[in-house]
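# Architecture at a glance
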Number of protein chains: 2
Amino acid sequence: MTSKRQMHLGAVPYGTGGPGSHTLWLDPEIPGDASVDIAWYVEMARLAERGRFDLVFIVDSQFITPNSPPHYLNRLEPLTLLSALATQTEHIGLVGTATTSFNSPFNLARRLGSLDLISGGRAGWNVVTTGDAGTAGNYGLDDHYDYETRYGRASEFIELAQALWDSYEDDAFVRDRTSGAFLDRGKQHRLDHDGKYFKVRGPLNLVRSAQGHPVIFQAGDSEQGRDLGASLGEGIFTHAADIGAGQAFCDDLKTRARAKFGRRPDQLVIMPGIKVVVGDTDQEAREIEAYNNDRDHTFDAALGEFGRPFGWHDFRQYDLDAPFPADVLAYGERSFYTRARAITQQAVENRWTLRETVESTRQFHRGEFVGSAQTVAAKLIEWWEARACDGFNIGIDHPSNFRRVVDEVVPILQERGAFRADYDSTTLRGHLGLPIPANRHTERREAVDEAV
Amino acid sequence: MTSKRQMHLGAVPYGTGGPGSHTLWLDPEIPGDASVDIAWYVEMARLAERGRFDLVFIVDSQFITPNSPPHYLNRLEPLTLLSALATQTEHIGLVGTATTSFNSPFNLARRLGSLDLISGGRAGWNVVTTGDAGTAGNYGLDDHYDYETRYGRASEFIELAQALWDSYEDDAFVRDRTSGAFLDRGKQHRLDHDGKYFKVRGPLNLVRSAQGHPVIFQAGDSEQGRDLGASLGEGIFTHAADIGAGQAFCDDLKTRARAKFGRRPDQLVIMPGIKVVVGDTDQEAREIEAYNNDRDHTFDAALGEFGRPFGWHDFRQYDLDAPFPADVLAYGERSFYTRARAITQQAVENRWTLRETVESTRQFHRGEFVGSAQTVAAKLIEWWEARACDGFNIGIDHPSNFRRVVDEVVPILQERGAFRADYDSTTLRGHLGLPIPANRHTERREAVDEAV
Ligand SMILES: Cc1cc2nc3c(=O)[nH]c(=O)nc-3n(C[C@H](O)[C@H](O)[C@H](O)COP(=O)(O)O)c2cc1C
Ligand SMILES: Cc1cc2nc3c(=O)[nH]c(=O)nc-3n(C[C@H](O)[C@H](O)[C@H](O)COP(=O)(O)O)c2cc1C
């Protein structure tokens, strides 16, 4: 752990496409089935590792229709994917999205704990409550949970997983070949959790990893989502429109963490997802951006994905040039409601048509991190110094572009002292400057010992 | 696929211990934390691959107490483990145990489908209903399901997973870079399954692998278990006491498959789990066996594990020299009941004491596959030619011993034409001589086309 503030970088592989790059698969450098091609993921993860990135970040979705954009149709389950990457990389953190709405705590804690051991303490868990309401249909429910249940489950689930990860104290296994003693039985702890949403006996049949627990990331933007991040999150995945929005978000989250939950603000690492375009000159970068947007992010493509926060409501049915149909907000109630509401409010306030509203989402971040390597590096540092964030989750769209980030932008960040020149830790917690959580049972025992 | 009958070999890594080898971790060649050490698993899987084995097979358990034998205490989740092995091996099949009692079909189908893609069509699923009743407590239940529910869920679960794996026809993704067409929408199929135990909408957001579906293994011995294996199993994991028991089991399973379910008997590959000991001479091998048993499988160790089929009932409380306490069978009703009943019946019939009963389980397979490489190879071939099995799942206990299996026994099997000289397939189905299942939607379409 370094005491000097450092920028943190994550890489988000888009596969065959991603937000704002719907037809990436048209790039001849990208395999048409990149989203299920492990060799492609290995190549991208190693590229990010060469750039000393803190982590790769795998988003998730489990609901499709024939009309879903290409990058939703076909994708590997995140933790299975990351376990395959674990033995193909050495340093980079491996953060996978998994939902608390449609998993069992024991099962997921075990999978994350296994990934954490396999990777030598590099696992992270992006906790989501599942944004796509239709997913409920794949898990026996007619409808997604309401927000209270979604976030109630999420916080109980995380605390339960963390308790399961503490099933063994770090010195529980004595493995004395002379005496034949294997386990110090007093250092295995069951749980007998009986909560509002879950009942779990424990113990988990797994030791802790080199970093103690997987790192908890969180991505949800409502009041409940922000409270969850501020109370239990260690990393935050978000999207900020500009420096001001980023600052407001960071300030809100870190103030909550401190004031409401008594936590140290530097133990909450906020990393918005961004798109970067690097050119030889600013002018060339802008041209590449325009070219890519024309091809990868047409209005039609944007219109298709626009429905996502609204439960994949089909907006093709409306007159593009009529006022934004604000009633659609109802469709978002059990999906990405905070985002759906923000879009709707903005459209209503500005009296936008549907076309203008879609266009506004299409413009998101355009031009912000676009330019020569110097310009991009300066912009990243500007956000980071202004405390609009603690780092960035950079989308891997075109590999040629991401290579330039690694080979040209990162060295400037390093020269400027903002970013590590080399890994000085082997764990994700180490990279992020997060402490190893004490095992609750050891802590209790030590407290008792001190009191005696 | 070869038409000549071939022996099939699986390797079952024991980690820090296993059935009949409780204190493997005393072997200085085995890391004390082998059961969570990915490097150790990679080494063993590569060794088995060097021996041209069909597969590695990972068993599972999710219930522990401080009294559990060493090899239960600390272990990686099987599919997470296998995904890490997938990118470290090239040919060998990867079979993982996962329960239908405490998983959701959509989630597990997705994880298995992902492993199958990552490994290039080498995934297998050992379907269990969870033998350790106490596991229920980790999933919110006071008690494990009754047998009807366990096996009812299992068969519905498997068929559902297979239907999900057929969500896309093999030519669904056109990915035409000229026209920009990505998906042939008519070749994505949802499910709308609404069964007795599960309700799942689909489609699964994953294409099929090179082998179509992961291979279904099954391990359960009751009437219901055997029917499940005969109807949906493609591989069977079992334990046979001797050639006669093996023949009876194979005959029963294959007759059921043909007579009751109209299946081809050669599409059911039966592989009992065995322990092999190789020495320079038969005499030396017997000495090694005796030495290992004294150390690795003491009476006390056997007594500890003896309780497993009876729901980990603690037999230390009984007089070892009194008649076997047959009432204990009740403790096994929701665990490994078929095994518990067989042990109890045998003890009662023979009027054994508890000590004699435990001793009889301790003697299981002793001396059977023990000898010089020549002797062991001859014994394997004898079982296989007598149709007591189609192959073997060989436990990896001491690495020095397993190396001799690979380097000395396998070459004899190869010379005798019983076992492949080299891999002639890249998929697990290919190794096992199993066909690629047709996609049900393509099949239906073709049937309609033919009728027209
Ligand atoms: C930046 C961000 C990223 C998200 N990523 C995912 C994801 O990968 N998979 C998913 O199912 N949900 C994802 N979500 C959904 C959230 O978990 C949550 O269900 C949704 O945003 C609605 O909650 P909210 O109103 O608190 O934002 C994401 C949300 C945000 C804001
Ligand atoms: C050879 C064999 C291997 C098994 N392996 C496992 C295992 O790895 N994990 C598990 O939870 N259950 C395992 N089981 C348990 C079965 O799935 C089943 O729950 C149990 O045997 C009771 O059913 P039965 O009476 O039909 O045998 C195994 C059973 C057998 C016979």
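Keep in mind that this is a model prediction, so the values were computed, not measured.

Calculation rules
Here the residue numbering is sequential within each chain, running from 1 through the sequence in written order. Here the convention is simple: chains get letters from A, ligands get numbers from 1, in the order in which they are written. Totals for whole chains, interfaces and linings use all residues, but because this is a predicted model, local features are given only for residues with pLDDT of at least 70 and pairs of side-chain atoms are given and counted only at 80 or more. Excluded from the side-chain calculation are hydrogens and water; included are all heavy atoms of the structure. The numbering of helices and of strands both runs from the N terminus, where a helix is a DSSP run of H or I of at least 4 residues and a strand a run of E of at least 2. It is over C-alpha atoms that the radius of gyration is taken, and the globule rule equals 2.2 Å times the number of residues to the power 0.38. In this scheme, a residue with accessible area under 20% of its type's maximum is buried, one over 50% is exposed, and one in between is partly exposed, where area comes from a 1.4 Å probe on protein chains only. Residue contacts are defined here by distance: any two heavy atoms, one from each residue, within 4.5 Å place the two residues in contact. What sets the accessible areas is the Shrake-Rupley method with a 1.4 Å probe; for residues, cover comes only from the shown protein chains. Charged-residue counts in this description rest on Lys and Arg as positive and Asp and Glu as negative, His and the chain ends being excluded. Charge coordinates come from a single atom per side chain, which is NZ of Lys, CZ of Arg, CG of Asp or CD of Glu. Any residue with at least one heavy atom within 4 Å of a molecule or strand is counted as near it. Here a polar contact is taken to be a pair of N or O atoms separated by no more than 3.5 Å, where protein atoms must pair a possible hydrogen donor with a possible acceptor and residues adjacent in sequence count only if both atoms sit in side chains. Working definition: a ring pair exists when centres of Phe, Tyr or Trp rings (six-membered ring for Trp) sit within 6.5 Å. Plane angles under 30 degrees give stacked, over 60 give edge-to-face, the rest tilted. Charge-over-ring placement is defined geometrically: NZ (Lys) or CZ (Arg) within 6 Å of the ring centre, and within 35 degrees of the ring normal. DSSP-based pairing: two strands are paired if at least 2 bridges between them are found. Clockwise travel from the first strand over the helix to the second, with the strands pointing away from the viewer, marks a crossover as right-handed. Where each domain starts and ends follows an automatic or database-derived domain assignment. When two parts are put together, the accessible area they lose, computed with a 1.4 Å probe and summed over both, is reported as buried area. When a carboxyl oxygen of Asp or Glu lies within 4 Å of a side-chain nitrogen of Lys or Arg, that pair is called a salt bridge. Under the grouping applied here, Gly and all other residues not named as nonpolar or charged are polar, the nonpolar ones being Ala, Val, Leu, Ile, Met, Phe, Trp, Tyr, Cys and Pro and the charged ones Asp, Glu, Lys and Arg. UniProt positions are given in the numbering used here, feature names are shortened, and annotations may be inferred rather than shown by experiment.

### Considering the overall build of chain A
Helix and strand content of chain A: 15 helices and 12 strands. A compact globule built from 452 residues should have a C-alpha radius of gyration of about 22 Å, and chain A, at 22 Å, falls within 12% of that. Out of the 452 residues in chain A, the part that is buried amounts to 63%. By sequence separation, contacts in chain A at least 24 residues apart represent 76% of the contacts at least 6 residues apart. If you sum the accessible surface of chain A, you get close to 16800 Å²; carbon and sulfur atoms cover 48% of it. Of the charged side chains in chain A, 49 are positive and 65 negative, and the gap between their average positions amounts to 4 Å.

### Looking at the environment of F198(B)
All names here are of chain B. Among the secondary structure elements, F198 is positioned in the loop between β5 (193–194) and β6 (199–200). Put simply, F198 and P31 are 167 residues apart on the chain and 42 Å apart in space, counted from C-alpha to C-alpha. The residues touching F198, leaving out its near neighbours within four places in the chain, are T100, P105, R153, E156, F157, L160 and H193.

### Re the site of ligand 1
All names here are of chain A. Inspection of the region around ligand 1 gives 20 residues, with T129, Y147, Y151, S222 and T338 positioned closest. A distance of 3.2 Å is found between an oxygen atom of ligand 1 and a backbone nitrogen or oxygen belonging to A219. In this structure, D221 approaches ligand 1 through a main-chain N or O atom, which is 2.8 Å from an oxygen atom. Relative to its free-state accessible area of 610 Å², ligand 1 is covered by the protein chains to the extent of 91%. Secondary-structure elements contributing two or more residues to the shell around ligand 1 are α5 (147–165) and β8 (235–238). In terms of residue count, the dominant contributor to the shell around ligand 1 is α5 (three residues).

### Focus on the packing of aromatic side chains
One pair of aromatic rings is described through two measures. These are the centre distance and the angle between the planes. According to the stated counting rule, one finds 52 aromatic pairs over all chains in the structure shown. With centroids separated by 5.5 Å and ring planes inclined at 70°, the aromatic side chains of F173(B) and F182(B) adopt a geometry described as edge-to-face. Geometrically, the ring pair formed by F315(B) and F324(B) is stacked, given 6.2 Å between the ring centres and 20° between the ring planes. Each member of the pair, F315(B) as well as F324(B), carries the same accessibility label: buried. Seen from the ring of F299(A), R355(A) lies directly overhead, with NZ or CZ sitting 5.7 Å from the centre.

### Comments concerning the pairing of strand β1 (residues 8–13) of chain A
All names here are of chain A. Burial within β1 is extensive, with six of its six residues counted as buried. Side-chain alternation along β1 places H8, G10 and V12 on one buried face and L9, A11 and P13 on a second face that is also buried. In this sheet, strand β12 (residues 391–396) lies alongside β1 in parallel orientation, the contact comprising six bridges. Within β12, the position partnered with H8 by the bridge is G391. In this fold, β1 hands off to helix α1 (residues 38–50), which returns the chain to strand β2 (residues 55–58); that crossover is right-handed.

### Regarding the site of ligand 2
All names here are of chain B. Around ligand 2 sit 20 residues, and of these T129, Y147, Y151, S222 and T338 come closest. Between ligand 2 and Y147, the relevant distance is 2.5 Å, taken from an oxygen atom to a side-chain nitrogen or oxygen of the residue. In this structure, Y151 approaches ligand 2 through a side-chain N or O atom, which is 2.6 Å from an oxygen atom. Against a free-state accessible area of 600 Å², the protein chains account for coverage of 91% of ligand 2. Sort the elements by how many residues they give to the shell around ligand 2 and helix α5 (residues 147–165) lands first, with three residues. When residues of the shell around ligand 2 are assigned to domains, at least three fall in each of domain 1 (8–145 + 210–283 + 368–433) and domain 2 (299–362).

### Considerations on the interface of chain A and chain B
Between chain A and chain B, the contact holds 69 residues from the first and 69 residues from the second. Of the roughly 5900 Å² buried between chain A and chain B, counting both surfaces, carbon and sulfur atoms make up 55%. Between chain A and chain B we count four salt bridges in total. With a closest N to O distance of 2.9 Å, K199(A) and D142(B) form a salt bridge. Counting across the chain A and chain B interface gives 46 residue pairs in polar contact (both at pLDDT 80 or more). Elements with a contribution of two residues or more to the side of chain A that touches chain B: α2 (70–73), α3 (78–86), α4 (105–118) and β6 (199–200) of chain A. The class makeup of the residues in the side of chain A that touches chain B is 33 nonpolar, 22 polar and 14 charged.

### Here's the deal with the UniProt feature "binding site: FMN" (unreviewed entry) in chain A
UniProt feature "binding site: FMN" (unreviewed entry): in the numbering of this structure it lies at D60(A), T97(A), Y151(A) and S222(A). Of note, D60(A) is situated in the loop between β2 and α2. Non-local contacts of D60(A), meaning those with residues more than four positions away in its chain, are made with R75(A), P78(A), T97(A), R308(A) and R110(B). Only 2.5 Å separates the side chain of D60(A) from the side chain of R110(B), close enough to count as a polar contact. Looking at the element boundaries, Y151(A) is found in helix α5. Once you skip the residues sitting within four places of it in the chain, Y151(A) turns out to touch T129(A), Q218(A), G220(A), D221(A), S222(A), Q224(A), G225(A) and L228(A).

### Topic: the pattern of salt bridges
On inspection of all chains with the given rule, the structure shows 70 salt bridges over all chains. A salt bridge links D166(A) to R440(A); its shortest N-O distance comes to 2.7 Å. With D166(A) in the loop between α5 and β5 (193–194) and R440(A) in helix α15 (residues 440–451), this pair connects stretches of sequence that are 274 residues apart. Judged by relative accessible area, which is 1%, D166(A) ranks as buried. As a salt-bridge pair, E234(B) and R429(B) come within 2.8 Å of each other at their nearest N and O atoms. Of this pair, E234(B) sits in the loop between α6 (223–232) and β8 (235–238) while R429(B) sits in helix α14 (residues 428–432); the two residues are 195 residues apart in sequence, bridging distant segments of the chain. Judged by its relative accessible area of 12%, E234(B) falls in the buried class. In this structure, a network of salt bridges that share partners links the residues D221(A), E223(A), R226(A), D227(A), D252(A), R256(A) and K260(A).

### Quick look at the UniProt feature "domain: Luciferase-like" (unreviewed entry) in chain A
In this numbering, the UniProt entry assigns the feature "domain: Luciferase-like" (unreviewed entry) to residues 37–385 of chain A. What you have in residues 37–385 of chain A is 42% helix and 12% strand, and the ends, taken at the C-alpha atoms, are 37 Å apart.

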